[in-house]
Amino acid sequence: NISGHCIANISNQLPTFMGGCADLTKTTMARGANGNFDDENPFGRNICFGVREHAMAAIVNGLTLHGMRGFAGGFLVFSDYMKPAIRLAALMQIPSLFVFSHNSPLVGEDGPTHQPIEHLTMLRSIPNCNVMVPCDANETVYAFNVSQELKTTPTVITTTRQKVPTLANTSEEGVKRGAYVIYKEKGKLDGVIIACGAEVSLAIELAKKLETEGTYVRVVSMPSMFLFDKQSKEYKLEIIPTGVKTMALEMAHGMPWYKYSNNVYSVDNFGLSAPASMVLKALKFTLEDIYNYYKNI
């Protein structure tokens, strides 16, 4: 929902911002302004692409090459169809925008075919591709701001289907740097929990639970590995110091996180068809599960 508001706000300020969704507009909220673009409404900035994700992404690249700011929307799992065009945007060094909703296995009853697992890993592996996974409404706004500031890099923004709390201490400057401390330890630092997206609020819950035992941990929100990897060594060590426990947390394939921690709590198998609450328990992504994992590091 917040992503949809961001697209609307950018459209109001930027007449060249144009795009749409592959027949999932009502679900992804990715809609261009001024009505549908067609022969009767040439000033419409919403493109009804139809169910053809690869063509949609390629058309967005064409818009961007022409001097527009093109965007495309869809479910994260369908980035499989769009990968060649996203790769070309990165190769051509153009700022196309790709907005994906439903970014975790908690999409529920649609089942494993619609539940992304390896997709963030795939997208993060593309050189010169800025993949952003905001944790709440504020970070979503900041991610869209970043996407419009970049000139030679495409941006992928992924959002959750489920509602998440708006967190304290979010930082636009931190988002621009790719990662920052969103929850500071209240005593001697025992460890650092690195997370992104909906898992940031879960990490903060874990930090608060550990505090009741006199164990103090820091939570780092890392919406963009791409941006964080560009920071100075000093900044990286300031955020994630050596000599303490580290744990990375994401409800997706864990491969990219081993850059930052040897302890990765992730989902490295396909999901299942069930309500989100049951999927959460089956994939062992409850507070109790991650608490036990951290205690055993």
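Please refer to the structure placed before this passage.
Rules of the game
The written sequence of each chain sets the order in which its residues are numbered from 1. Totals for whole chains, interfaces and linings use all residues, but because this is a predicted model, local features are given only for residues with pLDDT of at least 70 and pairs of side-chain atoms are given and counted only at 80 or more. Side-chain numbers here rest on the full set of heavy atoms in the structure, without hydrogens or water. Partly exposed describes any residue whose relative accessible area lies between the buried limit of under 20% and the exposed limit of over 50%, with all areas from a 1.4 Å probe on protein chains only and scaled to the type maximum. The secondary structure listing takes helices from DSSP runs of H or I that are at least 4 residues long and strands from runs of E that are at least 2 residues long, numbered from the N terminus. If you view a crossover with the strands going away from you and the path from the first strand over the helix to the second runs clockwise, you call it right-handed. Whenever Lys or Arg places a side-chain nitrogen within 4 Å of a carboxyl oxygen from Asp or Glu, that contact is recorded as a salt bridge. A pair of strands is labelled paired if DSSP reports no fewer than 2 bridges between them. Axes here mean lines fitted to C-alpha atoms, for a helix over just the part in contact, with angles spanning 0 to 180 degrees between N-to-C directions. Should any heavy atoms of two residues lie within 4.5 Å, those residues are considered in contact. Each helix should span, by expectation, one fewer than its residue count multiplied by 1.5 Å. Bend is the name given here to the angle between axes fitted to two runs of seven residues, the run ending at a residue and the run starting at it. When we speak of the arc, we mean the arc of directions from the helix axis to the C-beta atoms.

## Points about the pairing of strand S9 (residues 216–221)
Where burial is concerned, most of S9 is hidden: five out of the six residues are buried. Regarding the hand of the β-α-β motif, the stretch spanning strand S8 (residues 189–195), helix H8 (residues 199–211) and S9 is right-handed.

## Overview of the pattern of salt bridges
If you walk through the whole model with that rule in mind, you get nine salt bridges. Between Glu211 and Lys186 there is a salt bridge, and its shortest N-O distance comes to 3.8 Å. Linking Glu211 in helix H8 with Lys186 in the loop between strand S7 (180–183) and S8, this pair joins segments that are 25 residues apart in sequence. Asp190 is the salt-bridge partner of Lys245, the closest N and O atoms lying 4.0 Å from each other. Note that Lys245 is positioned in strand S10 (residues 245–249) and Asp190 in strand S8, a separation of 55 residues in sequence. A relative accessible area of 28% means that Asp190 is categorised as partly exposed. Residues participating in the shared-partner salt-bridge network are Lys184, Glu185 and Arg218.

## Notes on the pairing of S10
Sheet faces and side chains relate simply in a regular strand, where the side chains alternate between the two faces. Counting buried positions along S10 gives four out of five residues, so the element sits mostly inside the fold. Across five bridges, the pairing between S8 and S10 is parallel. Bridging from a neighbouring strand, Ile193 pairs with Met247 of S10. Inspection of the sheet shows S10 paired to strand S11 (residues 264–265) by two bridges, in the parallel sense. Its bridge partner lying in S11, Leu249 is registered against Tyr265.

## Here we look at the sheet that holds strand S4 (residues 97–101)
Pairing is parallel across the open sheet formed by six strands, whose spatial order is S2-S1-S3-S4-S6-S5. The outermost strands of the open sheet, each flanked by one partner alone, are strand S2 (46–48) and strand S5 (130–132). Neighbour-to-neighbour, the strand axes of this sheet turn through a mean angle of 20 degrees, independent of strand direction. The sheet strands contacting helix H3 (residues 53–66) are strand S1 (17–21), S2, strand S3 (69–75) and S4, and the helix crosses S3 at an angle near 165 degrees.

## Some words on the sheet that holds S9
Pairing within the open sheet is mixed, and its five strands lie in the order S7-S9-S8-S10-S11. Either end of the sheet is taken by a strand with one partner, and the two such strands are S7 and S11. Bridge count for S8 against S9 is six bridges, and the pairing is parallel. Among the inter-strand pairings, Ile193 is bridged to a residue of S9, identified as Val219. Lying over the sheet, helix H12 (residues 287–295) contacts S8, S9, S10 and S11, oriented at roughly 150 degrees with respect to S10.

## Comments concerning helix H4 (residues 79–92)
With 14 residues, H4 extends 19 Å between its outermost C-alpha atoms, agreeing within 8% with the 20 Å of an ideal straight helix rising 1.5 Å per residue. Within H4, the axis deviates most sharply at Ala85, by approximately 30 degrees. Among all positions in H4, only Ser79, Met82, Ala85, Ile86, Ala89 and Ala90 are buried. Buried residues in H4 make contact with H3, S3, S4, helix H5 (119–124) and strand S6 (155–158). Looking one or two residues beyond H4, the residue adopting positive phi is Gln93, at roughly 60 degrees.

## Quick look at H12
Of all the residues in H12, the buried ones are Ile290, Tyr291 and Tyr294. Taken end-on, H12 shows its buried residues confined to a sector of 105 degrees, consistent with a single buried face. The inward-facing, buried residues of H12 abut S8, H8, S9, S10 and S11.

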